[in-house]
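Okay, here's what each chain looks like letter by letter:
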Amino acid sequence: MYRSYYSPAEWEKIIKFSEKKETPFLVVLLDRIQEKFEGFRKNFPQAKIYYAVKASPGREVLTLLRDMGSYFDIASIYELDQVLDLGVSPDRVSFGNTIKKAKHVREAYEKGVRLFASDSEVDIRHLAKEAPGSRIFFRLLMDAVTSDSDWPLSRKFGCQPRMLVELVSLAADLGLEPYGISFHVGSQQREIPAWDTAIAQVKSLFEQLEKQKIHLKAMNMGGGFPADYLIKSNPLSVYAEEINRYLSFHFGESIPEIYLEPGRGLTGEAGILVSEVVLISKKSRTDLKRWVYTDVGIFNGLMETIDESIKYPIYTEKDGENGDVILAGPTCDSLDIIYEHFKYELPLSLEIGDRIYWISTGAYTASYSAVEFNGFPPLKTYYL
Ligand SMILES: *Cc1c(COP(=O)(O)O)cnc(C)c1O
């Protein structure tokens, strides 16, 4: 039933490519990323799109987006190098991680980066010293709405509004250029009104700062745009329609420059993880559920299934009657159980050696894979 997530032509391409290859591996359909990028552009024509590199950092993906004119949101000097190595100019890069070493700020500055995000006094002081005059986005804490998302970013990022106002003043005093306010409503955010709450807060902060004669120019609305998993989301056009309505409602005619940082929304649906059944067993003769162990698990690609947060649709070529299963990975760690509580069903005819295709695994999979836990190699990725 999940076959419908891809077209017959796409399935043919995926299955044909996968045929004689040793599993597990990730197949990334670059056309899909291209389509999604075009979709973001069409739906948010006024926005600058900064691809959040961490979602899928492969060279092929970065090259495609470079050629399409994307900007890049990086989290470390290592991601910065990956992007710069492809000839991307540093003025297309934003250092969006609020947690960074002073010497890395310096290195990014020396390589030409002039746009940073921050949420703490110490970091602002580092930026003033190591990246003088740079433009700064101040990140607002969003704990109230991120908890609704499927992969919350919680209280780790951002600061309270009152502190944000103080940081803006400090940054201005230290010669930085306060540029805008950023937020992230939580990854895989299916509740669109989360943006309404966030935009309202930003508007009120803009007004407070205007009173102090500080005029911010931009709002960075982060990522959070969804991929279709087992639970489908509204299409991007609905997100855009609603978010644009919120923008007009709160800002009227004077909408600031808009920045977006999609990661998952651009790359999630482009990936299909191909795995194989290693073992099918039961814990007793009368066990009602089969344990299906696959050669992919928490440590080599399916990290986001921790706490069963992200529920990937799965597809096998077997059909017939289904039965309940518990899905688990191949390593010797009891954490490596993929789905135990949420009811997954697979055909009773499933056998060892059969392939299992994990749908919409293009984001936060290969880049999350362990280096060699239990000796298993990191997840291979092929770009089609
Ligand atoms: C991870 C991240 C993103 C991307 O989030 P998605 O939910 O994958 O779109 C965007 N901005 C920042 C600052 C991030 O850390």
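Residues numbered from 1 in each chain as written. Predicted model: local features only at pLDDT ≥ 70, side-chain atom pairs only at ≥ 80, totals over all residues. Heavy atoms only, no water.

A. Seen up close, helix H8 (residues 161-173). For H8, with 13 residues, the first-to-last C-alpha span of 19 Å sits near the 18 Å given by 1.5 Å per residue. Residues of H8 that are buried: Leu164, Val165, Leu167, Val168, Leu170 and Ala171. Looking at the buried residues of H8, the elements they touch are helix H6 (121-130), strand S6 (135-139), strand S7 (177-182) and helix H9 (193-211). Directly after H8, the chain includes Gly175, whose backbone phi takes a positive value near 90 degrees. (Helix = DSSP H or I, 4+ residues; strand = E, 2+ residues; numbered from the N terminus. Expected span 1.5 Å × (residues − 1). Buried < 20%, exposed > 50% of the residue type's maximum accessible area, 1.4 Å probe, protein only. Contact = heavy atoms within 4.5 Å.)

B. How the structure looks around the site of the ligand. As a structural note, the neighbourhood of the ligand is formed by 13 residues, with Lys54, Ser187, Glu261, Arg264 and Tyr364 the closest of them. At 2.9 Å from an oxygen atom of the ligand is found a side-chain nitrogen or oxygen belonging to His184. The contact in question runs from an oxygen atom of the ligand to an N or O atom on the side chain of Ser187, over 2.5 Å. Coverage of the ligand by the protein amounts to 91% of the 390 Å² it exposes when considered alone. Each residue belonging to the shell around the ligand can be placed in one class, and the counts come to three nonpolar, five polar and five charged. (Near = heavy atom within 4 Å. Polar contact = N/O pair within 3.5 Å; in protein donor to acceptor, adjacent residues only side chain to side chain. Areas by Shrake-Rupley, 256 points an atom, 1.4 Å probe, with all protein chains shown as cover. Nonpolar A, V, L, I, M, F, W, Y, C, P; charged D, E, K, R; others polar.)

C. How the structure looks around the pairing of strand S3 (residues 71-74). Relative to S3, strand S2 (residues 47-52) runs parallel, the two being bridged by three bridges. Bridged to Ala52 within S3 is Asp73. With helix H3 (residues 59-67) bridging S2 and the parallel S3, this β-α-β connection has right-handed handedness. Sheet topology places S3 next to strand S4 (residues 93-95); three bridges connect them, and they run parallel. Its bridge partner lying in S4, Asp73 is registered against Ser94. For the crossover that starts at S3, traverses helix H4 (residues 77-84) and ends in the parallel S4, the hand is right-handed. (Pairing = 2+ DSSP bridges. Right-handed = clockwise from strand over helix to strand, strands pointing away.)

D. Structural detail: the domain arrangement of the protein chain. For the protein chain, the domain assignment lists domain 1 (2-6 + 269-383) and domain 2 (30-267). Once you take the C-alpha centre of each, domain 1 and domain 2 turn out to be 32 Å apart. Contacts between domain 1 and domain 2 engage 23 residues on the former and 24 residues on the latter. Where domain 1 abuts domain 2, roughly 2,100 Å² becomes buried across the two surfaces, and 59% of that area is made up of carbon and sulfur atoms. Contact with domain 2 buries surface across domain 1, with Glu269, Tyr364 and Tyr383 losing the most and accounting together for 36% of the total. (Domains from an automatic or database assignment. Buried area = accessible area lost by both parts, 1.4 Å probe.)

E. Highlighting the packing of aromatic side chains. Per the stated rule, a full pass over the model turns up 27 aromatic pairs. With 4.5 Å between their ring centres and 50 degrees between their planes, Phe299 and Phe373 make a pair best called tilted. On the criterion of sequence distance, the pair formed by Phe299 in the loop between strand S11 (290-294) and strand S12 (314-316) and Phe373 in the loop between strand S15 (355-359) and strand S16 (380-383) is long-range, its members being 74 residues apart. On the accessibility criterion, Phe299 (18% relative accessible area) is buried. Among the aromatic side chains, those forming a connected cluster through ring pairs are Phe40, Phe44, Trp195, Phe225 and Tyr239. Looking at Lys232, its charged tip hangs above the ring of Tyr5, at a distance of 4.5 Å from the centre. Against the face of Phe342 rests Lys311, its NZ or CZ located 5.0 Å from the ring centre. (Phe/Tyr/Trp six-rings, centres within 6.5 Å; stacked < 30°, edge-to-face > 60°. Lys NZ or Arg CZ within 6 Å of the ring centre and 35° of its normal.)

F. View of empty space enclosed by the protein. Under the definition given, this model contains two cavities of 30 Å³ or more. Considering only enclosed or pocket space, the second largest cavity measures out at about 30 Å³ in volume. Around the second largest cavity sit Phe299, Asn300, Thr331, Ala370, Phe373, Phe376 and Pro377, which together line it. Per-class residue counts for the lining of the second largest cavity are five nonpolar, two polar and no charged. (1 Å grid on protein atoms, 1.4 Å probe; cavity = no way out; pocket = protein on both sides within 12 Å on 5 of 7 lines; lining within 4 Å. Points joined across faces, edges and corners; volume = space filled by probe spheres on them.)

G. Structural view of a nonpolar patch on the surface. Judged by side-chain polarity, Val278, Leu279 and Ile352 come together as a nonpolar surface patch covering roughly 260 Å² of accessible area. Mapped onto the fold, Ile352 is located in the loop between strand S14 (337-347) and S15. Residue Ile352 is classed as exposed on the basis of its relative accessible area of 52%. (Patch = residues over 30% accessible without salt bridge, like charges linked within 9 Å, V, L, I, M, F, W, Y side chains within 5 Å. Salt bridge = Lys/Arg side-chain N within 4 Å of Asp/Glu carboxyl O.)

H. Examining helix H10 (residues 236-251) more closely. If you check H10, its first and last C-alpha atoms are 22 Å apart, about what 16 residues at 1.5 Å a residue would give, namely 22 Å. Structurally, H10 contributes buried residues whose contacts are with helix H2 (30-43), H9, strand S8 (218-220) and strand S9 (257-260). The positive-phi residue at the C-terminal boundary of H10 is Gly252, with phi of around 60 degrees.

I. Quick look at the nonpolar core. In this structure, Phe183, Trp195, Ile199, Met221, Ile243, Leu327 and Trp358 are the most contacted members of the largest nonpolar core, which totals 100 residues. No other element matches the eight residues that H9 contributes to this core. Each of domain 1 (2-6 + 269-383) and domain 2 (30-267) contributes no fewer than three residues to this core. Those residues in contact with Trp195 that sit more than four places away from it in its chain are Phe183, Val185, Gln189, Met221, Gly223, Gly224, Phe225, Tyr239, Ile243 and Tyr246. (Core = buried A, V, L, I, M, F, W, Y, C linked by side-chain atoms within 4.5 Å.)

J. Representation of the packing of helix H5 (residues 102-110) against H6 within the structure. Where H5 meets H6, the axes come as close as 9 Å, and the angle between the chain directions of the two elements is 40 degrees. By the angle between their axes, H5 is oblique relative to H6. Handedness of the H5/H6 crossing: right-handed. The segment H5 lies against H6, with Ala102, Val105, Arg106 and Tyr109 engaging His126, Leu127, Lys129 and Glu130. A class-by-class count of the residues in the contact of H5 with H6 yields four nonpolar, one polar and three charged. (Axes fitted to C-alpha atoms, helices over the stretch in contact; angles between N-to-C directions. Parallel < 35°, antiparallel > 145°, perpendicular 65-115°, else oblique. Left-handed = near helix turned anticlockwise from the far one by under 90°.)

K. Just the environment of Arg155, in detail. Note on placement: Arg155 falls in the loop between helix H7 (143-146) and H8. Spatially, the C-alpha atom of Arg155 lies 27 Å from that of Phe251, the residues being 96 residues apart in sequence.

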